Amino acid sequence: MYELVLALAIGVLAACGTWLLLRPRSFQVVMGLSLLSYAVNLFIFCMGGLRSHAAPIVPAGPPPDPSLLADPLPQALVLTAIVISFAMTALLLVVLLAARGLAGTDHVDGREDER
Amino acid sequence: MNAWPQHLVVVPVVLPLVAAAVLLAIDEQRRALKRTIAFACLVALLVAALALVQAAGEGAPLVYRVGGWPAPFGIVLVADRLSAVMVLLATVLGLAAFLFACARWDRAGPRFHSLLQILLMGVNGAFLTGDLFNLFVFFEVLLAASYGLALHGSGAARVQASLHYIVVNLTASLLFLIGAALIYGVTGTLNLADLGAHIPAVAAADRGLVEAGAAILAVAFLVKAGTWPLCFWLPRSYGAACAPVAALFAILTKVGIYAVLRVLLLFFGPAGGESAGFARDCLTIGGLLTLAFGAIGVFGAQELSRLAAFSLIASCGTVLAAVGAGQAAVSGAALYYLVASTLGVSALFLLIELIERGRAPGADMLAITAEAFGSPEREEREEIGVVIPATWAVLGLSFVACALLLAGLPPLPGFVAKLAMLDALLRPQPIASSSWMLLALLMFSGLATVVAAGRTGVRIFWAPEQPMSARVSVLEILPILMLLGVGVALAFEAGAAMRYLDAAAQVLHAPGGYIDEVLR
């Protein structure tokens, strides 16, 4: 059940992100990239397997059964990925504002469609 | 325990990082100090890269276990022959871009030298790392620096081109993460050598997932490599970037190619079990299409910067198609071609700015219009004994050298590389149809480059619309001559260089020794 909900959530986020990424307004593109990165982060997270009530930390004492523990590596990876995508989005926003100021339009090509 | 030469492996990553941090702390006004520090770092980096090439040439790859953790658990840096050569190439380009920028470009915006060092750190790290996620991190480092450098000098055209460049690369990074996560989900490891050892044994039910993951990864790499149809962002971004940055960016496409070669050949090498040779056909076809696209682009390029960008695309296509042939001898020649063509394109990007400086903006367009419709105002003038200024002569000769290098004509290494590639391609019997196509396309791209460069060269140097007055400092000609000099040296020492790169290609195609050395 959890798996289905998570898979649907990732799918909806990725679909919305892709659609927005292909839109002509630069703000839509930024939102699309953000949604896509959420989808990707969730995807990485669930690649370690879905567990509830399982810590990624080995307690002191005799070595426990590994199947009772969560995989810590995807959590570390997702943390790195979140930080990087956050920083890159911030940078993209600055470039976007500069492009908006220089071109006078928020179209990604710097000029409106000729119609 | 790491013996001394093994610490060498981490130097190309740590040195530029430290230099960048120091440079950040120094005020922008103290330009001489900044330049001295950056120059010292680059020279030290060059020495380290040469030592690395020497050390890696002795046989087994050098493995650096960061923090002393054993291989599949900790992060490793691995320097085999290919990595070492690529680090050396990146450093040479970095030095050339630095020298060129010192003449005037480093004053066009803040923190140029720090960004350049960070870019080199990311590029070197990507060449040296032996871990998939670490590769992602180094990719992000070099991309972050490249965004800053692409914007260097500002202006509407650069900001607009950078916006596209950033969005395309961010999307590619997301694909990279999806691919890496898929592969981790199936195999439970991210160490490249460990993955190479695990993938042949993956259960049949999970094989599709691994292959899908690798394919998604490859798409992310091919976007950076500039493979058709993922290369439409390239001519515009590289054309808009300022000259030293564009020259340095020539190595970024090579990072993409390197990653494709390393990852695909390690995962799906001859010992790859059922997946052996996965996606090799795609590599061949993609490479051929890219080569054709690049050659046609070169043919139709109206501006010099687009000519350079399209020849970059064509050279990427050549390497990919040649490696797709799946023979170590062809790959060795392709790697030699990669080094030679990178030097040529980089020199050309630097040269373009010097040439354009002496000409009116839009002169190329006007000249082509004039050719097509006939120019009314040009009449035969009496020209007896035109005096060619020395700078202009040097620029002209450099342009000829670049064109020869890129077109693959003797005596420069482009010719040696193409000859070796064709020789190795036509050796096995029967000859594959893709080999014939590659042969034909190589000839065509050579011809296209000769025609395009000849046309442009004649227009610029022999029949200029107005008198040329290029004010060029020695500091700007020096890096161009340096890059071309390295190219000439490569032709003179072709035997030694080819043997070295051949050995590098052998390791790529039979990664057993590499895997054993890392996991030992």
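Overview of the structure. (Residues numbered from 1 in each chain as written. Chains lettered and ligands numbered in written order. Predicted model: local features only at pLDDT ≥ 70, side-chain atom pairs only at ≥ 80, totals over all residues. Heavy atoms only, no water.)

Turning our attention to the overall build of chain A. Assigned secondary structure in chain A consists of 3 helices and 0 strands. Secondary structure elements of chain A, listed N to C terminal, follow the sequence α-α-α. Against the globule reference of 13 Å for 115 residues, chain A gives a C-alpha radius of gyration of 20 Å, more extended than a compact globule. Each principal axis of the C-alpha atoms in chain A carries an extent, and together these give about 70 × 30 × 15 Å. Taken across its 115 residues, chain A has 35% of its residues classed as buried. (Helix = DSSP H or I, 4+ residues; strand = E, 2+ residues; numbered from the N terminus. Rg over C-alpha atoms; globule rule 2.2 N^0.38 Å. Buried < 20%, exposed > 50% of the residue type's maximum accessible area, 1.4 Å probe, protein only.)

The first and last C-alpha atoms of helix H14 (residues 328-357) of chain B sit 44 Å apart over 30 residues, in line with the 44 Å expected at 1.5 Å per residue. In terms of burial, H14 of chain B is largely enclosed, as 27 of its 30 residues are buried. (Expected span 1.5 Å × (residues − 1).)

On to the nonpolar core. Residue and element names in this part refer to chain B. Leu132, Phe176 and Phe267 are the most contacted members of the largest nonpolar core, which totals 217 residues. The biggest single contributor to this core is helix H11 (residues 243-267), with 20 residues. Those residues in contact with phenylalanine 176 that lie beyond four places of it in its chain are Leu132, Leu135, Phe136, Phe139, Leu217, Ala220 and Phe221. (Core = buried A, V, L, I, M, F, W, Y, C linked by side-chain atoms within 4.5 Å. Contact = heavy atoms within 4.5 Å.)

Here we take up the packing of helix H16 (residues 390-407) of chain B against helix H18 (residues 433-462) of chain B. Residues and elements named next belong to chain B. Across the interface, H16 lies against H18 with an axial gap of 9 Å and an inter-helix angle of 170°. By the angle class used here, H16 and H18 are roughly antiparallel. Across from Trp392, Leu395, Gly396, Phe399, Ala403, Leu406 and Ala407 in H16, the residues of H18 making contact are Gly446, Thr449, Val450, Ala453, Thr456, Gly457, Ile460 and Phe461. By residue class, the composition of the contact of H16 with H18 is 10 nonpolar, 5 polar and no charged. (Axes fitted to C-alpha atoms, helices over the stretch in contact; angles between N-to-C directions. Parallel < 35°, antiparallel > 145°, perpendicular 65-115°, else oblique. Nonpolar A, V, L, I, M, F, W, Y, C, P; charged D, E, K, R; others polar.)

Here we come to the pattern of salt bridges. If you walk through the whole model with that rule in mind, you get 5 salt bridges over all chains. Among the ionic pairs, arginine 25 of chain A bridges to aspartate 106 of chain A, the shortest N-O distance being 2.8 Å. Note that arginine 25 of chain A is positioned in the loop between helix H1 (2-21) and helix H2 (26-46) and aspartate 106 of chain A in the segment after helix H3 (72-103), a separation of 81 residues in sequence. Accessibility expressed as a relative area gives 28% for aspartate 106 of chain A, which makes it partly exposed. Close ionic contact of aspartate 423 of chain B with arginine 427 of chain B constitutes a salt bridge, the shortest N to O distance being 2.5 Å. A relative accessible area of 42% means that aspartate 423 of chain B is categorised as partly exposed. Here arginine 427 of chain B falls in the exposed class, since its relative accessible area comes to 54%. (Salt bridge = Lys/Arg side-chain N within 4 Å of Asp/Glu carboxyl O.)

Turning our attention to the pairing of strand E1 (residues 62-65) of chain B. All names here are of chain B. Residues Leu62 and Tyr64 of E1 are buried on one face, and the alternating residues Val63 and Arg65, pointing to the opposite face, are buried as well. Of the pairings in the sheet, the one linking E1 to strand E2 (residues 76-79) comprises 4 bridges and is antiparallel in character. Residue pairing for E2: valine 63 is matched across the bridge by valine 78. (Pairing = 2+ DSSP bridges.)

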